[in-house]
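# Observations on the three-dimensional arrangement
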Amino acid sequence: MESVGELLKSEREAQGKTIDDVAKATKMSTLIIGALESDHFSALPAPVYVKGHLRTYARFLGLDEDDVVNKYLRFTQQQASRLQRQAWMTRLLAHRCLL
């Protein structure tokens, strides 16, 4: 399954546009665009800003904004679930070591 960053990057490349083209048209920095395309959302400000940047980028590419944001929300939910499972396993292993 293609991530939101992969979707944005592949669509940008399919349209023959560069990151600089996106930055100029959207007024977003190239660092933000790079973080979005790499799914490095933790490097960006609060999620409300990430969603705004995703909407802007999707609009520029002619993608459905809601679809892109929903893909991001599913990604972050999966990440949170994975972190919760890892934390649970760490606590379980630590508890077993104490027994």
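Here's a quick rundown of the structure. Please read all numbers here as calculations on a predicted model, not as lab measurements.

Let's shift gears to the nonpolar core. Ranked by internal contacts, the top residues of the largest apolar core, which has 20 residues, are Leu8, Leu36, Leu54 and Tyr57. Every element with two or more residues in this core is listed here: α1 (4-14), α2 (19-26), α3 (30-37), α4 (47-61) and α5 (65-98). If you tally residues by element for this core, the top one is α4, at five residues. Among all residues touching Tyr57, those that are not within four sequence positions of it are Leu8, Arg12, Val22, Met28, Ile33, Leu36 and Glu37.

Turning next to the pattern of salt bridges. Counted under the stated rule, the structure contains five salt bridges. With its nearest N and O atoms 2.6 Å apart, the salt bridge here joins Glu37 to Arg12. Remark: Arg12 occurs in helix α1 and Glu37 occurs in helix α3; sequence separation between them is 25 residues. Arg12 carries the same exposure label as Glu37, and that label is buried. A salt bridge links Arg55 to Asp66; the nearest nitrogen and oxygen atoms lie 3.0 Å apart. Here Arg55, found in helix α4, pairs with Asp66, found in helix α5; they are 11 residues apart in sequence, far enough to count as distant. Residue classification places Arg55 among the partly exposed residues on the basis of a relative accessible area of 27%. Three or more residues joined by partner-sharing salt bridges are found here, namely Arg55, Arg59, Glu65 and Asp66.

Scoring rules and cut-offs
Residues numbered from 1 in each chain as written. Predicted model: local features only at pLDDT ≥ 70, side-chain atom pairs only at ≥ 80, totals over all residues. Heavy atoms only, no water. Core = buried A, V, L, I, M, F, W, Y, C linked by side-chain atoms within 4.5 Å. Buried < 20%, exposed > 50% of the residue type's maximum accessible area, 1.4 Å probe, protein only. Helix = DSSP H or I, 4+ residues; strand = E, 2+ residues; numbered from the N terminus. Contact = heavy atoms within 4.5 Å. Salt bridge = Lys/Arg side-chain N within 4 Å of Asp/Glu carboxyl O.

These values are about where atoms sit, not about what they do.
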